[in-house]
Amino acid sequence: AVRPSGKTPMNDQKGSVVVTVSLNIRSISAVSEKNMEFVAQFQLRQEWYDDRLRYMDYNNGILSAASRNFEFITVARDQRLWIPDTFFQNEKNGWYHMLDQENKFIKIRSDGLIVYDRRLTLHLSCPMILLTYPMDVQRCFIDFASYAYTTNDIKYDWRATDPIILDEKANGALPNFDITKISNATCHSVTATGEYACLRVELRLTRVFSFFLLQLYIPSTMLVGVAWVSYWIDWKSTAARVPLAIITLLSMITTSHAINSNLPPVSYAKSIDIWVGACVVFIFFSLIEYAIVNYLGIMDEHREMRKAACNRSRLSNVIDSDMYMQRAGQAMTSPASLSAFSPVEKKRLLRRKRKKSFELREEEEGGAGMQLMNVFANNNGVSPPVGVQAEWTFEDTTDLVYVGQRKRVELVRWCSVLSSRGRAERIDIIARIIFPVAFILFNIAYWSVYLDDKAKREAGIFDGY
């Protein structure tokens, strides 16, 4: 079919055919992040003038307003007319609706206006930026243009009133998104064959976050908390602590795989990847913490065992030496027995006797010095006043400390309790505080960044939104 000349009742000059377009969107559904596409069902209405199909008399090439008759004639299905070769640029698949009859109509008005309406369902591509997934806001388009005709032949314009109508039930067809904005624009393109007119429908889709909050964020937080329970279990209970950390770690890894299986392999880290990765790291650190605690605990036990063995050997040596010295002392007091020892053995006995007496004297002096130091330490280096007992306890001194120094005293008490434990227990006590505080700080940073980013995208502050 040959295209119309472009004449209209208001303009009798030849030119490009002006096609006025409007859309009635029935539903937006099946938004797929993995395939980056969505399904749209709508009615596409196109209107243009064909002066060859006028069926009223007119004078001087222009119809007068008084003589117009706006009754329509419906074109039969077997009659062929010229129709714009409109195609959808981002279409991946689509079909016409044929039940019970083909869902389309063509009407001709008396002044040559042709109304072409058709119902379509299309799979349309929608390039998505998943940087803030699942707190993202996506923009999807419906682009359509002429396939063969340039702007010298066809021009597309939006209808002046209600160019895009969104059905009330269209928003409810999306389980994970809300259609927060819909607008119309142009997308003209220039190629080697000329300039082509293009119209665009912009859809802003905001993801519903409540599903991910209930299915991902809260359960993963609970898994991290369960991993921390191992810090309150005795480090010797290996059968209790190791399976707890491994099960929670495997649960988080399984959750991560389940999430990424429905997402495309992108080259950047999504917000959900950062969250899951942080949870996996916290759980993994709890397992590493137990490995360190177990190693240090075993090392401390071995050290204590070596110390006990060394003390037993020293004790046996002391006992043997005492018995030998007793026999030697009896020999020294008895001239008859002394004659049985050789001169070398006599000198050895004398040296041992002097050494033992010297060690006993050092122990007595050291014990007196330690008692003196303890007295000065308990009294802070000051002699106790008259009438006050020198045996002070830590609880008694706290009553004499100022109120502003109570926190310092509590810290000193906590440090003293901590120093009285073994290295393994000290690490567990410190981990009970450091890991929850670190996770809370991570949450503050995470939510402040991504929630602020989501608010900006919903408001359209970022470029392209």
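Look up: the structure comes first, before these words.
Residues numbered from 1 in each chain as written. Predicted model: local features only at pLDDT ≥ 70, side-chain atom pairs only at ≥ 80, totals over all residues. Heavy atoms only, no water.

This paragraph deals with the overall build of the chain. Across its full length, the chain holds eight helices and 14 strands. Relative to its 465 residues, the chain shows a buried fraction of 32%. When contacts within the chain are restricted to residue pairs at least 6 apart in sequence, those whose partners lie at least 24 apart make up 74%. Carbon and sulfur atoms make up 58% of the accessible area of the chain, which totals about 28,100 Å². (Helix = DSSP H or I, 4+ residues; strand = E, 2+ residues; numbered from the N terminus. Buried < 20%, exposed > 50% of the residue type's maximum accessible area, 1.4 Å probe, protein only. Contact = heavy atoms within 4.5 Å. Areas by Shrake-Rupley, 256 points an atom, 1.4 Å probe, with all protein chains shown as cover.)

Time to look at the environment of phenylalanine 72. Tracing the backbone through its elements, the reader meets phenylalanine 72 in strand S3 (residues 72-74). Taking the C-alpha atoms as reference points, phenylalanine 72 and leucine 113, 41 residues apart in sequence, are found 9.0 Å from one another. When neighbours within four sequence positions are excluded, phenylalanine 72 is seen to be in contact with Tyr55, Lys107, Ile108, Arg109 and Val115.

For the peptide bond that leads from leucine 99 to aspartate 100, omega is -15 degrees, which places it in the cis range. Mapping aspartate 100 onto the fold places it in the loop between strand S5 (91-96) and strand S6 (104-109). A cis amide bond, omega 10 degrees, links tyrosine 133 with the succeeding residue proline 134. By the element assignment, proline 134 lies in the loop between strand S7 (113-125) and strand S8 (137-146). For alanine 30, which is not glycine, the phi dihedral falls at a positive 55 degrees. Take alanine 30: it is sitting in strand S1 (residues 17-32). Take alanine 30: its relative accessible area is 47%, and that puts it in the partly exposed class. For methionine 36, which is not glycine, the phi torsion reads 50 degrees and is therefore positive. Note that methionine 36 resides in the loop between S1 and strand S2 (37-49).

Let's shift gears to the side chain of glutamate 37. Locating glutamate 37 in the fold gives a position in strand S2. Setting aside residues up to four positions removed in sequence, glutamate 37 forms contacts with Ala30, Val31, Ser32, Lys92, His123, Leu124, Ser125, Cys126 and Met128.

Here we take up the sheet that holds S8. Strand order in the open sheet formed by four strands is S4-S8-S14-S11, with antiparallel pairing between adjacent strands. Bordering the open sheet on either side are strand S4 (86-88) and strand S11 (177-186), each of which pairs with just one other strand. When the angles between neighbouring strand axes are averaged without regard to direction, this sheet yields 20 degrees. Pairing analysis gives nine bridges linking S8 to strand S14 (residues 198-207), with the strands arranged antiparallel. (Pairing = 2+ DSSP bridges. Axes fitted to C-alpha atoms, helices over the stretch in contact; angles between N-to-C directions.)

Another aspect to go through is a nonpolar patch on the surface. On the surface, a cluster of nonpolar side chains totalling about 640 Å² of accessible area is made up of Ile430, Ile433, Ile434, Val437, Ile440, Leu441 and Ile444. Within the element layout of this structure, isoleucine 444 appears in helix H8 (residues 423-459). A residue is classified by how much of its surface remains accessible, and isoleucine 444, at 53% relative accessible area, is exposed. (Patch = residues over 30% accessible without salt bridge, like charges linked within 9 Å, V, L, I, M, F, W, Y side chains within 5 Å. Salt bridge = Lys/Arg side-chain N within 4 Å of Asp/Glu carboxyl O.)

Our focus in this paragraph is helix H2 (residues 238-260). The first and last C-alpha atoms of H2 sit 33 Å apart over 23 residues, in line with the 33 Å expected at 1.5 Å per residue. For H2, the full list of buried residues reads Arg241, Ala245, Thr248, Leu249, Met252 and Ile259. (Expected span 1.5 Å × (residues − 1).)

Below, the discussion takes up the packing of helix H1 (residues 210-228) against H8. Angle between the axes and distance between the axes are the two parameters that describe a pair of packed helices. Between H1 and H8, the least distance of the axes is 11 Å, while the angle of their chain directions is 160 degrees. Taken together, the axes of H1 and H8 are roughly antiparallel relative to one another. Crossing of H1 over H8 shows right-handed handedness. Contacts between H1 and H8 involve Tyr217, Thr221, Val224 and Trp228 on the former and, on the latter, Phe435, Pro436, Phe439, Tyr446 and Trp447. In terms of residue class, the contact of H1 with H8 is built from eight nonpolar, one polar and no charged. (Parallel < 35°, antiparallel > 145°, perpendicular 65-115°, else oblique. Left-handed = near helix turned anticlockwise from the far one by under 90°. Nonpolar A, V, L, I, M, F, W, Y, C, P; charged D, E, K, R; others polar.)

What follows deals with the state of the cysteines. Enumeration over the complete set of coordinates arrives at two disulfides. Two residues share a disulfide in this structure: cysteine 126 and cysteine 140, whose sulfurs sit 2.0 Å from each other. The sign of the -80 degrees torsion about the S-S bond sets the cysteine 126-cysteine 140 disulfide as left-handed. One end of the pair, cysteine 126, is in the loop between S7 and S8; the other, cysteine 140, is in strand S8, with 14 residues separating them in the sequence. The residue that forms a disulfide with cysteine 187 is cysteine 198, at a sulfur-sulfur distance of 1.9 Å. Because the sign of the S-S torsion sets the handedness, a value of about -50 degrees for the bond joining cysteine 187 and cysteine 198 places this disulfide among the left-handed ones. Here cysteine 187 is found in the loop between S11 and strand S12 (189-191), whereas its partner cysteine 198 is found in strand S14, with 11 residues between them in sequence. Looking at cysteine 187, the relative accessible area reads 13%, which means it is buried. Owing to a relative accessible area of 0%, cysteine 198 belongs among the buried residues under this scheme. The connectivity of the disulfide bonds within the chain can be written as 1-2, 3-4, using the sequence rank of each bonded cysteine. (Disulfide = S-S within 2.5 Å.)

Enumeration according to the criterion identifies 25 aromatic pairs in this entry. Taking the centre distance of 6.5 Å and the plane angle of 85 degrees together, the rings of phenylalanine 144 and tyrosine 156 count as edge-to-face. In this pair, phenylalanine 144 is assigned in strand S8 and tyrosine 156 in strand S9 (residues 154-158), connecting sequence segments 12 residues apart. Since its relative accessible area comes to 1%, phenylalanine 144 is described here as buried. (Phe/Tyr/Trp six-rings, centres within 6.5 Å; stacked < 30°, edge-to-face > 60°.)

Our focus in this paragraph is the packing of H1 against H2. It is the contact of H1 with H2, at a shortest axis distance of 9 Å, that shows an interaxial angle of 160 degrees. When the axis of H1 is compared with that of H2, the two are roughly antiparallel. Of the two elements, H1 crosses H2, and the hand of that crossing is left-handed. Counted together, Leu216, Ser220, Leu223, Val226 and Ala227 of H1 and Leu244, Thr248, Ser251, Met252, Thr255 and Ile259 of H2 form the full contact between these two elements.

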